[in-house]
Amino acid sequence: AKSYPEKWRCLDRLSLASMLRTLRELGAYSRPGESHTADGLVQSFGILPVYRKLMVRWLRTLASEGHLVEQGGSFACNELRSSLIVSVCSWSGTT
């Protein structure tokens, strides 16, 4: 049986993969250098405005985990991160 800390780490990884997969399925961060704000994601990808704060949290979390780079309120991926997002989505069986 796994310990609770191990289970939480697994849940964290699953949550990150789910965030990345969702953004990928929306079409966000499909190109190197692509950058978005939370408002831009809401407007460009048909996300309901009620989820804007959630998008802010997701973008900050993904940046803190090294999947995105924050640049003055925008969150960008470089070539390496773009392919990482694809590989995470492939790993989770969603591409």
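These lines cover the structure that appears in this document, whether it is placed above or below. (Residues numbered from 1 in each chain as written. Predicted model: local features only at pLDDT ≥ 70, side-chain atom pairs only at ≥ 80, totals over all residues. Heavy atoms only, no water.)

## A short note on the packing of aromatic side chains
Part 1 of the argument: Scanning all chains against the criterion turns up zero aromatic pairs.
Part 2 of the argument: Here lysine 7 stacks its cationic end above the ring of tyrosine 4, 5.3 Å away from the centre of that ring. (Phe/Tyr/Trp six-rings, centres within 6.5 Å; stacked < 30°, edge-to-face > 60°. Lys NZ or Arg CZ within 6 Å of the ring centre and 35° of its normal.)

## What about the sheet that holds strand S1 (residues 35–36)?
Part 1 of the argument: With respect to topology, three strands assemble into an open sheet ordered S1-S3-S2, the strand pairing being antiparallel. In this open sheet, the two strands that pair with only one neighbour each are S1 and strand S2 (69–71).
Part 2 of the argument: The sheet contact formed by S1 and strand S3 (residues 74–76) spans two bridges and is antiparallel. Opposite serine 35, over in S3, you have alanine 76 as the bridge partner. (Pairing = 2+ DSSP bridges. Helix = DSSP H or I, 4+ residues; strand = E, 2+ residues; numbered from the N terminus.)

## Focus on the pattern of salt bridges
Part 1 of the argument: Inspection of the entire model under this criterion finds three salt bridges.
Part 2 of the argument: Note that glutamate 25 and arginine 21 form a salt bridge whose closest N and O atoms lie 3.8 Å from each other. Of this pair, glutamate 25 and arginine 21 both sit in helix H1 (residues 4–26), four residues apart, which is roughly one turn of that helix.
Part 3 of the argument: With a closest N to O distance of 3.7 Å, arginine 31 and glutamate 34 form a salt bridge.
Part 4 of the argument: Under the relative-accessibility criterion, glutamate 34 is labelled buried at 6%. (Salt bridge = Lys/Arg side-chain N within 4 Å of Asp/Glu carboxyl O. Buried < 20%, exposed > 50% of the residue type's maximum accessible area, 1.4 Å probe, protein only.)

## A closer look at the environment of lysine 53
Part 1 of the argument: By the secondary structure assignment, lysine 53 is in helix H3 (residues 52–64).
Part 2 of the argument: When its relative accessible area of 62% is taken as the criterion, lysine 53 is described as exposed.
Part 3 of the argument: Here the alpha-carbon distance between lysine 53 and aspartate 39, two residues 14 residues apart in the chain, equals 9.3 Å.

These results come straight from atomic positions and should not be treated as a statement about function.
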